[in-house]
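# Fold and geometry: a report
Take a look at the letters that make up each chain.
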Amino acid sequence: MRPYQIYAVKAIVDCIEQNRGNGYIWHTTGSGKTLTSFKASTLLKDNPNIEKCLFVVDRKDLDRQTREEFNKFQEGSVEENTNTGTLVRRMLSTSYADKVIVTTIQKLGLALDGSNTKNYKERLQPLGDKRVVFIFDECHRSQFGENHKSIKEFFPNAQLFGFTGTPIFEKNATYKTIEGQQASYKTTDEVFQKELHSYTITNAIEDKNVLRFHIDYFKPDAVVSVESDAHKIAVANAIIDKHEKATHHRRFNAIFATSSINDASLYYDLFKSLQAYNQQDDENYHPLNIACVFSPPAEGDKDIKQIQEDLPQEKADNAVEPNKKKKALIRIIADYNKQYGTNHGINEFDGYYQDVQQRIKDQKYSNADYPHNNKIDVMIVVDMLLTGFDSKYLNTLYVDKNLKYHGLIQAFSRTNRVINDTKPYGNILDFRHQEDAVDKAMVLFSGAKTANPKEIWLVESASDVMVKYEAAVANLNLFMDTKGLEFRPSEVHNLQGDEARAEFINTFKEIQRLKTQLDQYTDLQETQVESIESVLSPNDLRSFKSVYLDTAKRLKAVQAKGDAKTSQEVQQLDFEFVLFASAVIDYDYIMGLIAKYTQDGPSKEKMTREELINLLSSSANLMEERDDIIDYINSLKVGNSLSEEAIRTGYQRFKASQSDKELRTIADKHGITPDSLKEFVDAIMYRMIFDGEKLSDLLAPLDLGWKARTTVELALMEDLVPLLNKRAQGREIAGLNAYE
């Protein structure tokens, strides 16, 4: 746990032990509220003065999500309450396992409803005068107010604690949440009496626990009404144009927040038509995978009614022309089923909603492990997913919807989860130019630090980062000069000693980090792009990346040997290969480029042999296979046209042949028969387990004493480990680390 989480848990525990009433914890979205609340709950589990601790969420999907998170922290710590009857039974249970309960506020509300025919409230009477602790997640939600009174009346000795990332203050207690209507909230202080601990988004950004934001206020070429078709066409085209840059070539994905169900479905159809046109116009255009989700008309469905309590715009929209909304969603789900091979229907909406969320989270997998056509690039929403949804690989929010105060902060915060330097900030593209609303929200939710929140919340301008980038390139130039070398990628191989190579790694890594940040600015002007490329040309940048990877591979091997004589500079290196991994340059992409390379005719994507090898060498994606692919490219004849399928088949044969040659060389070197070594290696790769007994069997024919056998074994494994790791392609071989 982090210090602020410990302080928050202590504040709750102290408040309970001293029986000082209620309180709330203001911890910003993304700061780990679930872990904090879990720790508080588990400590209360061992407090003999507390009868029960109920952790209350407001939606079924958050109930499921919270239970999963709690059980990750401690297996079996909470169970599912499949219905209100189960909740009541567990509330009455004296079992230690039932002392902490996760439930929805809807089930709790039914349990305390005196008019319910199942008499739940009457059955709970023995608990009425006990000390029960309620912990509410996102405690300002719409249904909380309705249930607060009944909880206090039935449990007069209860203590209520709320967790929120965006408290309700007087300024944001009433604001426009539904087009044309007003919605009001009680302030968090009114409901929970006092703030026990705060850790605001300002604190979290300063501590680097969440990311800052880059906001691009989109300016269309012509002034048009936001309600017009011209506006929507401009927005859709802007998203198509900017998405590659915003999401770092689809390494990440995006949510598109629209103002109504009608707008969501209109945008969905617009993307389909625009992308169909783009495909006809350009055979190399790769369409974005677009999906859409909004709640259907409830039509008496209690689950739909439940989720719509916190979806004010969707609830209001579904009250007008519900059949039109229903037909639109049926069509959208049908497209989804066709695209992803699923079988969802509107009558089982929760299954579709869960699939959508998981598919957004599946962005974390590489395209090699989970092909891109299974993923979602842009998720069109109205209210859904703008609160409570977490995915580290979601980095962009497109906004064509009026947002204010806590609604704005909650929506923006979907993008600011920390991963590594490939995701330098959360990207916001605002198509309604809401700079004033953003400024007000930043001031309100900065807590005590309100002097100049923009400096903390927002990333530096592209111009400022360009200055840093230029300085970093100049620093590399100076480094090469001090080593008596010209500022050329080929000269890096002439560096003398591992300490100098380590210095190059750290110096160039800063260039790549800043370039990665610049690459994701969606508001760069053409003149700025030209200026960036003039500092270090794209060809030189690729070549420097290539020698970086060669040098890093060499130094990583030095680190792996664990020699005590290795310098501290080398031992402490962090190569951050993720900065050099391309979301574009994967196996499929390279095979396609090689096929184009063999063709006679001209092509937009056709490259020369040197360009192909340079591109391949500049990415960390295929490091283990890089040499084989380069050798294969060099073996091909230009003009001998091959299809992509023929290239794939040919490469696999080539790679198998190369591997067999390596095995024969190793077998001859160590006096082992090639067939027995191949059988040994094949068995390892089949099970992904290194078997020491099989190694003994392999060496048995040599009839060596234990000392000589140990020497031969270590020499053999020194040659064999790189080959095994190369074949494993990043997967772990169990038991092999003993020789690494």
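Just above sits the structure.
Small disclaimer: the values here were computed from a predicted structure and weren't measured.

## A closer look at the overall build of the protein chain
- When you go through the protein chain residue by residue, the secondary structure sums to 30 helices and 14 strands.
- In terms of C-alpha radius of gyration, the protein chain reaches 30 Å, essentially the compact-globule figure of 27 Å for 740 residues.
- With respect to the three principal axes, the spread of C-alpha positions in the protein chain is 85 × 75 × 55 Å.
- Residues counted as buried form 51% of the 740 residues belonging to the protein chain.
- On the protein chain, the mean spot of the 94 positive side-chain charges and the mean spot of the 111 negative ones are 4 Å from each other.

## As for the side chain of Gln275
- In this structure, Gln275 sits in helix H11 (residues 261–281).
- What makes Gln275 buried here is its relative accessible area of 6%.
- From its side chain, Gln275 meets the backbone nitrogen of Leu288 in a polar contact 2.7 Å long.
- Here Gln275 is in contact with Ile240, Tyr285, Pro287, Leu288 and Ile290, once residues within four sequence places are set aside.

## Considerations on the sheet that holds strand S4 (residues 132–137)
- Strand order in the open sheet formed by six strands is S3-S2-S4-S5-S1-S8, with parallel pairing between adjacent strands. Every interior strand has two partners, whereas the edge strands, strand S3 (100–104) and strand S8 (195–199), have only one. Neighbour-to-neighbour, the strand axes of this sheet turn through a mean angle of 15 degrees, independent of strand direction.
- Taken together, the four bridges between strand S1 (residues 23–27) and S8 define a ladder with parallel strand orientation.

## Notes on the nonpolar core
- Formed by 107 residues in total, the largest nonpolar core has its most connected members in Phe134, Phe155, Val293, Met379, Leu385 and Phe412.
- When near neighbours in sequence (up to four residues on either side) are disregarded, Met379 contacts Ala254, Ile255, Phe256, Ala291, Cys292, Val293, Val356, Ile360 and Leu385.
- Core analysis: the next-biggest nonpolar cluster, separate from the first, contains 40 residues, Ala462, Tyr521, Phe544 and Met623 among them.

## Notes on the state of the cysteines
- Enumeration over the complete set of coordinates arrives at zero disulfides.
- For Cys15, which is in no disulfide, the shortest distance to another cysteine sulfur is to Cys53 and amounts to 13 Å.

## Comments concerning the layout of surface pockets
- When its volume is computed, the largest pocket comes out at roughly 1,900 Å³.
- Taken together, 49 residues form the lining of the largest pocket, with Lys556, Met623, Glu624, Gln729 and Gly730 sitting closest to its centre.
- When residues of the lining of the largest pocket are traced back to their parent elements, those giving at least two are helix H22 (538–561) and helix H30 (706–728).
- The dominant element in the lining of the largest pocket, judged by the number of residues it contributes, is H30, at nine residues.
- Broken down by class, the residue content of the lining of the largest pocket amounts to 21 nonpolar, 10 polar and 18 charged.

## Regarding the packing of aromatic side chains
- The full count for this structure, using the stated rule, is 31 aromatic pairs.
- In textbook terms, an aromatic cluster arises when at least three aromatic residues are bridged by ring pairs, as seen for Phe487, Phe504, Phe508, Phe544, Tyr548 and Phe580.
- Above the plane of the ring of Tyr96 lies Lys45, whose end atom (NZ or CZ) is 5.0 Å from the centre.

## Observations regarding unusual backbone geometry
- Phi at Glu299 takes a positive value of approximately 50 degrees, unusual for a residue other than glycine.
- Among the secondary structure elements, Glu299 is positioned in the loop between strand S11 (290–292) and helix H12 (302–308).
- When its relative accessible area of 54% is taken as the criterion, Glu299 is described as exposed.
- One non-glycine residue, Glu321, adopts positive backbone phi at about 45 degrees.
- Inspection of the secondary structure puts Glu321 in the loop between helix H13 (312–318) and helix H14 (322–340).
- The partly exposed category is assigned to Glu321, whose relative accessible area is 48%.

## Here's the deal with the sheet that holds strand S14 (residues 426–430)
- Taken in spatial order, the six strands line up as S9-S14-S13-S10-S12-S11 in an open sheet, and their pairing is parallel. Of all strands in the sheet, those bounded by a partner on one side alone are strand S9 (213–217) and S11. Mean inter-strand twist for the sheet, computed between neighbouring axes without regard to direction, equals 20 degrees.
- As defined by bridge partners, strand S13 (residues 394–400) adjoins S14 across four bridges and the pair is classed as parallel. By the bridge assignment, Tyr398 is partnered in S14 with Leu429.
- Contacts from helix H10 (residues 229–246) reach S9, strand S10 (253–258), strand S12 (378–381), S13 and S14 within the one sheet, and its direction differs from that of S13 by about 165 degrees.

## Considerations on helix H15 (residues 349–361)
- Across its 13 residues, H15 extends 19 Å between first and last C-alpha, which sits within 8% of the 18 Å expected from 1.5 Å per residue.
- Within H15, burial applies to Phe349, Tyr352, Tyr353, Asp355, Val356, Gln357, Arg359 and Ile360.

How each quantity is defined
Residues numbered from 1 in each chain as written. Predicted model: local features only at pLDDT ≥ 70, side-chain atom pairs only at ≥ 80, totals over all residues. Heavy atoms only, no water. Helix = DSSP H or I, 4+ residues; strand = E, 2+ residues; numbered from the N terminus. Rg over C-alpha atoms; globule rule 2.2 N^0.38 Å. Buried < 20%, exposed > 50% of the residue type's maximum accessible area, 1.4 Å probe, protein only. Lys, Arg positive; Asp, Glu negative; His and termini not counted. Charge placed at Lys NZ, Arg CZ, Asp CG, Glu CD. Polar contact = N/O pair within 3.5 Å; in protein donor to acceptor, adjacent residues only side chain to side chain. Contact = heavy atoms within 4.5 Å. Pairing = 2+ DSSP bridges. Axes fitted to C-alpha atoms, helices over the stretch in contact; angles between N-to-C directions. Core = buried A, V, L, I, M, F, W, Y, C linked by side-chain atoms within 4.5 Å. Disulfide = S-S within 2.5 Å. 1 Å grid on protein atoms, 1.4 Å probe; cavity = no way out; pocket = protein on both sides within 12 Å on 5 of 7 lines; lining within 4 Å. Points joined across faces, edges and corners; volume = space filled by probe spheres on them. Nonpolar A, V, L, I, M, F, W, Y, C, P; charged D, E, K, R; others polar. Phe/Tyr/Trp six-rings, centres within 6.5 Å; stacked < 30°, edge-to-face > 60°. Lys NZ or Arg CZ within 6 Å of the ring centre and 35° of its normal. Expected span 1.5 Å × (residues − 1).

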